[in-house]
Number of protein chains: 4
Amino acid sequence: MTTLPAPLRLNDAARARMHEDYRHLHAHPELSMQEHETAAWIERQLAELDVPHFRCGGTGVVAVLTNPETPDGPVVAFRADTDGLPIAEQTGLEYASAARSALPDGTQVPVMHGCGHDTHIVSALTALRRLHAAPQVWQGTVVFVFQPGEETAAGARAMLDDGLWDRAPRPQVLLGQHVMPLAAGSVFVTPGTAMARADSQAITFHGVQAHGSQPQASIDPILLASHVVTRLQGIVSREVDPRDMAVVTVGTFHAGVKENIIPASAEIALNVRTYSSEVRERVLGAIERIARAEAEASGAPAPTFRRLSSFPRCHNDPEHAEAVAGALRAELGEQNVTAPAPFTGSEDVGALADAIEVPMVYWFFGAFTGDDPESVPGNHHPGFAPELAPALDTGHRAALAGLLAYVGR
Amino acid sequence: MTTLPAPLRLNDAARARMHEDYRHLHAHPELSMQEHETAAWIERQLAELDVPHFRCGGTGVVAVLTNPETPDGPVVAFRADTDGLPIAEQTGLEYASAARSALPDGTQVPVMHGCGHDTHIVSALTALRRLHAAPQVWQGTVVFVFQPGEETAAGARAMLDDGLWDRAPRPQVLLGQHVMPLAAGSVFVTPGTAMARADSQAITFHGVQAHGSQPQASIDPILLASHVVTRLQGIVSREVDPRDMAVVTVGTFHAGVKENIIPASAEIALNVRTYSSEVRERVLGAIERIARAEAEASGAPAPTFRRLSSFPRCHNDPEHAEAVAGALRAELGEQNVTAPAPFTGSEDVGALADAIEVPMVYWFFGAFTGDDPESVPGNHHPGFAPELAPALDTGHRAALAGLLAYVGR
Amino acid sequence: MTTLPAPLRLNDAARARMHEDYRHLHAHPELSMQEHETAAWIERQLAELDVPHFRCGGTGVVAVLTNPETPDGPVVAFRADTDGLPIAEQTGLEYASAARSALPDGTQVPVMHGCGHDTHIVSALTALRRLHAAPQVWQGTVVFVFQPGEETAAGARAMLDDGLWDRAPRPQVLLGQHVMPLAAGSVFVTPGTAMARADSQAITFHGVQAHGSQPQASIDPILLASHVVTRLQGIVSREVDPRDMAVVTVGTFHAGVKENIIPASAEIALNVRTYSSEVRERVLGAIERIARAEAEASGAPAPTFRRLSSFPRCHNDPEHAEAVAGALRAELGEQNVTAPAPFTGSEDVGALADAIEVPMVYWFFGAFTGDDPESVPGNHHPGFAPELAPALDTGHRAALAGLLAYVGR
Amino acid sequence: MTTLPAPLRLNDAARARMHEDYRHLHAHPELSMQEHETAAWIERQLAELDVPHFRCGGTGVVAVLTNPETPDGPVVAFRADTDGLPIAEQTGLEYASAARSALPDGTQVPVMHGCGHDTHIVSALTALRRLHAAPQVWQGTVVFVFQPGEETAAGARAMLDDGLWDRAPRPQVLLGQHVMPLAAGSVFVTPGTAMARADSQAITFHGVQAHGSQPQASIDPILLASHVVTRLQGIVSREVDPRDMAVVTVGTFHAGVKENIIPASAEIALNVRTYSSEVRERVLGAIERIARAEAEASGAPAPTFRRLSSFPRCHNDPEHAEAVAGALRAELGEQNVTAPAPFTGSEDVGALADAIEVPMVYWFFGAFTGDDPESVPGNHHPGFAPELAPALDTGHRAALAGLLAYVGR
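The model shown is predicted, which means the values in this text are computed figures rather than measured ones. (Residues numbered from 1 in each chain as written. Chains lettered and ligands numbered in written order. Predicted model: local features only at pLDDT ≥ 70, side-chain atom pairs only at ≥ 80, totals over all residues. Heavy atoms only, no water.)

1. Some details on the relation of the copies chain A and chain C
Move 1: Each copy of the sequence occupies a distinct position, and chain A is placed on chain C by a rotation of 180 degrees and an axial shift of 0.1 Å, giving an RMSD of 0.1 Å. Taken together, the rotation angle and the small translation identify this as a two-fold axis.
Move 2: Mapped onto chain C, 100% of the interface residues of chain A are again interface residues, and the two copies thus contact each other with one and the same surface. (Least-squares fit on C-alpha atoms with pLDDT ≥ 70 in both. Contact = heavy atoms within 4.5 Å.)

Printed below as a string of structure tokens:
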């Protein structure tokens, strides 16, 4: 069923090891930028194989697998993200997570591999083990980037700031993949924009506190922020070309402690999704324009803006996307490789490629065998549970197929 | 039933003349600042009596009635306004108006004495005739001010600009009265604030026109002006002391000619009511602040403001109000003179007194004999119909009683 | 300087005791409905005097002081409230509070007599001691009601529910007083409405949660609640007679935990102030109408309403108010007793009188000697510090003068 | 340069006739559903050729051109719309229109062929003449549909209601084309959705009239409609998948005659653009839901909805679009036939095909030779001026090429 060179195929022991690794990682998720145990575990696997590697960006790990027989061959990078989420797992799996950890603000929360990054780690590691074991079927160098902190858009940035591409060989292409509620054995590879840019910020509106019976002594920040929320709707409805994608979500609104006190301030937090940088600039500019003007309309001081995160573009180079799609079609079957419209979700993988201006190909792979795999509890849901065997089978084969498109002999 | 000196009381002929005058005027109303026939008619009455008089402010007439026996006595002014309204009369009266005339913009409209200014003219004229006929019972000078254009706040201004108080003797007090849906024989005299200030303006919001399918090419002035309308509510609800009176009414909103074209502009017209100058300043300032800031929130140019009218304060000097109330109580009965809370309606009579800093007393008199005189169709209603005999009886007696408080012997 | 009968005047020892009591109570404030130590302390003072008393409403204490010589004389009630506030005192006084306590939800907070109820307790107790010591100058019975939980509108209700007027003699009038930032030696007694009704409620809007990138899968409760907040402004600005008093304050708005998740619900808490029951009904009805309709406009389920508190009317019987004002004028001086417009703040004292339909007189007394006593840090401010000697001197004299208007000989 | 069979190519006389026809029609535009002279002119051309034809839908004309040699061949329909617009032409052309006519409401307005329908008529007529002249190069039947009233979405409906497809042979495909600001010699053919659906409606909100000083006696329809306008923004911003196209434009807002009168009603008119019927249903449903609920939020009666127009889908059958595109590529050159994203503008041509469930292909053809043909004054602009010779050359060749894809030998 597979077209991979025989030496790269899994035997029973390798498959058992892959499954065991997954169960271990799934049971031990860690929060973004706190992936200390995960990083140490990855390092142990690499040390066992004697593959050169280094820490990067705190809890990131980079493995440089050079084919000893053909060290001067092509260089390709493969990225796997490693962090979990503050979600209380409700999958009922025997290897479900019971982990708890502290958010940056000190709050203790449950932790879950709720976005399937454990499948990413294990798929990448399995590909690495197979390539390590079979130098005769490939050439050159594969740089495996185990990246922390994808969920907060902090990890790619941290690795770049820590000199990732000064310390690892510069690849000609960066590959990566993400598990999704799709049929096992199938992948999505969309040329061009694959996911949305996402920009998050908090805005604090400053009013003047007063007793609830004396509004004339106040500048009411709740009324101000409410006008901002209603005003922001006009950005998507009126300022963006109706054929372009843009989302402005106000996800939090917090103000006040007592119903009879007009509070001194109100804070909202926003999340913006766009595909193109032009639309992104227009939307972010409009948000600031509206927030400032509404504060003026209330006679209030200028609001305070605080950037929370910024997910970059996730752009698949069309030529490389076609090349990788071809390799995946060969391995997974013609009908199992499609190119749907871009997702409105976001990823920071693009930053790793854009930082050194190399092309990227990022695809989504399936993990479910039921009748309607797209309707299972999805990523970030407490019940998100990729089916172990088919998920990892799809994940490691897609990784190997994609890599061989560049380093195959 | 009356306590007026016998020579001032009406005989049958005088009463018949009063009623006839009223029927004539009621049937021939004229629009604000177009009271040409009315002014000429008043002039004819004055000429008949040989009372000195002069035109002032276009269609205003001033009569100076000096007692020949006591020319150096007190000077008091009495104001009666003379204009009708663009309303189609629906009273069914035999002397109902069928008049039509042109508004300043050229539109032909029906005209009606819909605010009862005809009762004001006739009451004042009857008082003048009685005083003229009986110099033995009074002293000094009464300046009768027949003022045009009250409804548009243009008339008092026009008379002042035309040198009213340079041409007429300066009075020690200004009196005036207005007919209302109250019981005939009763009056309201409220010390201090008696009516509201009223300020009207139009605001034009400038956007950018575009086809309805291309909002991104527009700046939508309808959305902008709609946000202004909702934003303006916060002035009364949050910026004014809840115990103070303030009204911000947006009475017109006009924009666009076709549903699939985003128009280039939107215009709203506002009317503001306040009692105190502090609240007035605060409200007008907030309107401008909000209109400008909302234009900025839309990325639009600054709006254009156009003042429509400004009705001044209507303030009864407390001491004089008490003096006049005493005289009215003597004439009309103790229980028929009350001092309710100020009205939220407006008048420009106050400008005549404030211009020369003399005290004013302005009262409301009743004109109805039914069980519930306050529930008849009121001023500005197409069916507003003061009952001829009781209205004029109350009006001319109240005028004489108020005047005698100053010029009685 | 006082006109009180000589036996009621304080000697040095009594004055020292009054001051000492105040310092003790001020240093030991307790939260609403938790006034256990305060109640016990009051009971000890009453026991010391052998005055009959009983617990009522948990932490309320009622003392029934009957003149042994004239037990059948008039019966009058005097109410003093006893609770402190969750405020961190910043007066710098040597007897400042360092108390902390737990709110009903378990949060530990600092506690302060930030509304001056300690002056109420001590003024009442001092009056009780003087009357107890001098039965020869008065007659009948005074019921002293030491009421807990005024700040949350729970205390009057609790005492009534605990049978207050079944257990205490029914008075012919209920008196009470409140310290304010006014000149010591002066009082405000306003006939009719003296303070506002206040009604508080929380409203939860139910939406549908979704990822921030998928608004189409959500019903956005933040947008819904924001439209409600802006919509509510129209109640005061458009639905209430501009001459009536009404305030609708949204004091809290809480929704969401993360900027990229559209939350499942949003909660706002509102405080309404009105003088008349008609306006109150209209405003509360409009709030519910708007909240329900806006939920429908969002396609959301009906919101959930939760009543937080309801402060009743605070209505001074005009005749009794004049009688008490006369007594206060005699004691404090003509110019020191005025009748300003009603306050927009609220009180639950009215419930005690309205429950048995007896007239009430409630006044405000001053406590400051500086040039501008109305500009000191006011009630509920961390720096609110009535001046000990002049505040208590005014408070106990006003209490005695008011009481003697009914029970004096 | 052309690949058309030689007998179909224009000689100088035919080209001169084509130009002359165009100049005549351009100078004599008529408003929608008033195309009486235009219809008569078309009929005269057809009569001259003895081509069977009939009136349909008032001012529509249908010509049935059957090849006498091969009457049983394929049947294809070609639609050309014929109406002008109420625009004052500002092209400066020697054959510019000076026409004026009356709108349905009686208003006299200037009329212009501002959307280029004159090029459609002449291109179709030229194709008809060439096919009529050269029966040897084609087979079957072409039904030429000269449709009135496209601009108001009334014309297709009127022809269908008048039995179009009962009276004309049923075609296997419907073709049509529209001139656009594109390079002459180029066309756009987009498979699937080619233009947006458009639905227009007016909504009247009913309030209660009152004097501007008495908002409490009113239900303010301007405030109500303003809340609706702001509320409607949430449909596109929150209720539609961000990747779907939807526009909700409020193009007019009219209420009130005087700033100090709160009017009895407010009317807005909306235009909705969507591609898919699911999104259309969702948006139209949300508009009604919001309008009704906001009226309830104001305590107002239900609003009145009035449908203005409804442009159907404009869907190009993908297989036929590819077939036609192939024919156009052969005639115009590979690089001159592209398939851009759908337009957000609208057309009623789709109704003609959907009524009998036959596939449609509708394309856009260019008419400008300058450097930047897409930046000239566009359709509906007073300066829209297709370049006569290149526009008609492109138009009639595209029509013939498209038709020959079906009826060619």
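2. Quick notes on the relation of the copies chain B and chain C
Move 1: Rotating chain B by 180 degrees and translating it 0.0 Å along the rotation axis places it on chain C, where the RMSD comes to 0.1 Å.
Move 2: When you check the interface residues of chain B against chain C, 100% turn up at the interface there too, and the contact is symmetric in its surfaces.

3. With respect to the interface of chain B and chain C
Move 1: Between chain B and chain C, the contact holds 18 residues from the first and 18 residues from the second.
Move 2: Buried surface at the junction of chain B and chain C, both sides included, amounts to about 1,300 Å², of which 54% is carbon and sulfur.
Move 3: Looking only at chain B, the three residues that lose the most surface to chain C are Arg-238, Pro-242 and Arg-243 of chain B, adding up to 42% of its buried area.
Move 4: Across the chain B-chain C interface, the total number found is zero salt bridges.
Move 5: Our enumeration of links across chain B and chain C arrives at eight residue pairs in polar contact (both at pLDDT 80 or more).
Move 6: A per-element tally of the side of chain B that touches chain C places helix 6 (residues 221-239) of chain B first, with five residues.
Move 7: For the side of chain B that touches chain C, the residue count by class is 10 nonpolar, five polar and three charged. (Buried area = accessible area lost by both parts, 1.4 Å probe. Salt bridge = Lys/Arg side-chain N within 4 Å of Asp/Glu carboxyl O. Polar contact = N/O pair within 3.5 Å; in protein donor to acceptor, adjacent residues only side chain to side chain. Helix = DSSP H or I, 4+ residues; strand = E, 2+ residues; numbered from the N terminus. Nonpolar A, V, L, I, M, F, W, Y, C, P; charged D, E, K, R; others polar.)

4. Here we look at the pattern of salt bridges
Move 1: Taken as a whole and assessed by the stated rule, the structure comprises 104 salt bridges over all chains.
Move 2: For Asp-21 of chain C, the salt bridge goes to Arg-129 of chain C, with nearest N and O atoms at 2.8 Å. Placement of the pair is Asp-21 of chain C in helix 1 (residues 12-27) and Arg-129 of chain C in helix 3 (residues 117-133), with a sequence separation of 108 residues.
Move 3: On the accessibility criterion, Asp-21 of chain C (6% relative accessible area) is buried.
Move 4: Across the salt bridge formed by Asp-81 of chain D and Arg-79 of chain D, the nearest N and O atoms sit 3.4 Å from each other.
Move 5: Within this structure, Arg-15, Glu-331, Asp-393 and Arg-397 of chain A form a network of salt bridges that share partners. (Buried < 20%, exposed > 50% of the residue type's maximum accessible area, 1.4 Å probe, protein only.)

5. Some remarks on the domain arrangement of chain A
All names here are of chain A.
Move 1: Each assigned domain of chain A is listed with its residue range as follows: domain 1 (6-191 + 317-407) and domain 2 (199-311).
Move 2: Between domain 1 and domain 2, the C-alpha centre-to-centre distance is 37 Å.
Move 3: The partner domain 2 presents six residues to the 11 residues of domain 1 that form the contact.
Move 4: Together domain 1 and domain 2 conceal approximately 630 Å² of surface at their shared face, both sides included; 65% is due to carbon and sulfur atoms.
Move 5: Of all residues in domain 1, the largest losses of buried area upon contact with domain 2 belong to Ala-153, Thr-344 and Ser-346, amounting jointly to 58% of the total for that side. (Domains from an automatic or database assignment.)

6. Let's talk about the side chain of Thr-394 of chain B
All names here are of chain B.
Move 1: When you line up the elements, Thr-394 lands in helix 10 (residues 388-407).
Move 2: One polar contact links the side chain of Thr-394 to the main-chain carbonyl oxygen of Pro-390, over a distance of 2.8 Å.
Move 3: Setting aside anything within four residues of it in sequence, one finds Thr-394 in contact with Ala-184, Gly-185, Ser-186, Phe-365 and Gly-366.

7. Thoughts on the sheet that holds strand 17 (residues 337-338) of chain C
Residues and elements named next belong to chain C.
Move 1: One open sheet accounts for eight strands, arranged 1-2-6-3-7-18-8-17; its pairing is mixed. Only two strands of the sheet have a single partner each, and these edge strands are strand 1 (53-56) and strand 17.
Move 2: Set on the sheet, helix 2 (residues 36-49) makes contact with strand 1, strand 2 (60-66) and strand 6 (141-147); between it and strand 1 the angle comes to about 165 degrees.
Move 3: With respect to the sheet, helix 8 (residues 318-332) is in contact with strand 7 (173-183), strand 8 (187-188), strand 17 and strand 18 (360-368), its orientation differing from that of strand 18 by roughly 30 degrees. (Pairing = 2+ DSSP bridges. Axes fitted to C-alpha atoms, helices over the stretch in contact; angles between N-to-C directions.)

8. Brief notes about the packing of aromatic side chains
Move 1: Taken as a whole, this structure holds 30 aromatic pairs over all chains when the rule is applied.
Move 2: Here the aromatic rings of Phe-253 of chain B and Phe-253 of chain D are separated by 3.5 Å at their centres, their planes lie at 15 degrees, and the arrangement is stacked. One end of the pair, Phe-253 of chain B, is in strand 12 (residues 246-255); the other, Phe-253 of chain D, is in strand 12 (residues 246-255), on a second chain.
Move 3: We classify Phe-253 of chain B as buried; its relative accessible area is 0%.
Move 4: On the basis of an interplanar angle of 55 degrees and a centroid distance of 4.7 Å, the ring pair of Phe-343 of chain D and Phe-364 of chain D is categorised as tilted. Of this pair, Phe-343 of chain D sits in the loop between strand 17 (337-338) and helix 9 (349-354) while Phe-364 of chain D sits in strand 18 (residues 360-368), placing them 21 residues apart in sequence. (Phe/Tyr/Trp six-rings, centres within 6.5 Å; stacked < 30°, edge-to-face > 60°.)

9. Some words on the side chain of Asp-241 of chain C
Move 1: Tracing the backbone through its elements, the reader meets Asp-241 of chain C in the loop between helix 6 (221-239) and strand 12 (246-255).
Move 2: Among the polar contacts made by the side chain of Asp-241 of chain C, one reaches the main-chain amide nitrogen of Arg-243 of chain C at a distance of 2.8 Å.

10. With respect to the interface of chain A and chain C
Move 1: The partner chain C presents 37 residues to the 37 residues of chain A that form the contact.
Move 2: Summing both partners gives a buried area of about 2,700 Å² for chain A against chain C, and 60% of it is carried by carbon and sulfur.
Move 3: Scanning the region where chain A abuts chain C turns up 13 residue pairs in polar contact (both at pLDDT 80 or more).
Move 4: Listed by contribution, the elements that provide at least two residues to the side of chain A that touches chain C are helix 6 (221-239), strand 12 (246-255), strand 13 (261-262), strand 14 (265-274) and strand 15 (304-311) of chain A.
Move 5: Its residues placed into classes, the side of chain A that touches chain C shows 15 nonpolar, 19 polar and three charged.
Move 6: Looking at chain direction, strand 12 of chain A and strand 12 of chain C are connected through three bridges and run antiparallel. Within strand 12 of chain C, the residue paired with Phe-253 of chain A across the bridge is Ala-255 of chain C.

11. Describing the pairing of strand 18 of chain D
Both faces of the sheet carry side chains from a regular strand, because those side chains alternate between them.
All names here are of chain D.
Move 1: In terms of residue burial, strand 18 counts as a mostly covered element, since nine of its nine residues are buried.
Move 2: The pairing of strand 8 (residues 187-188) with strand 18 spans two bridges and is antiparallel. By the bridge assignment for strand 18, Phe-188 is matched with Phe-364.

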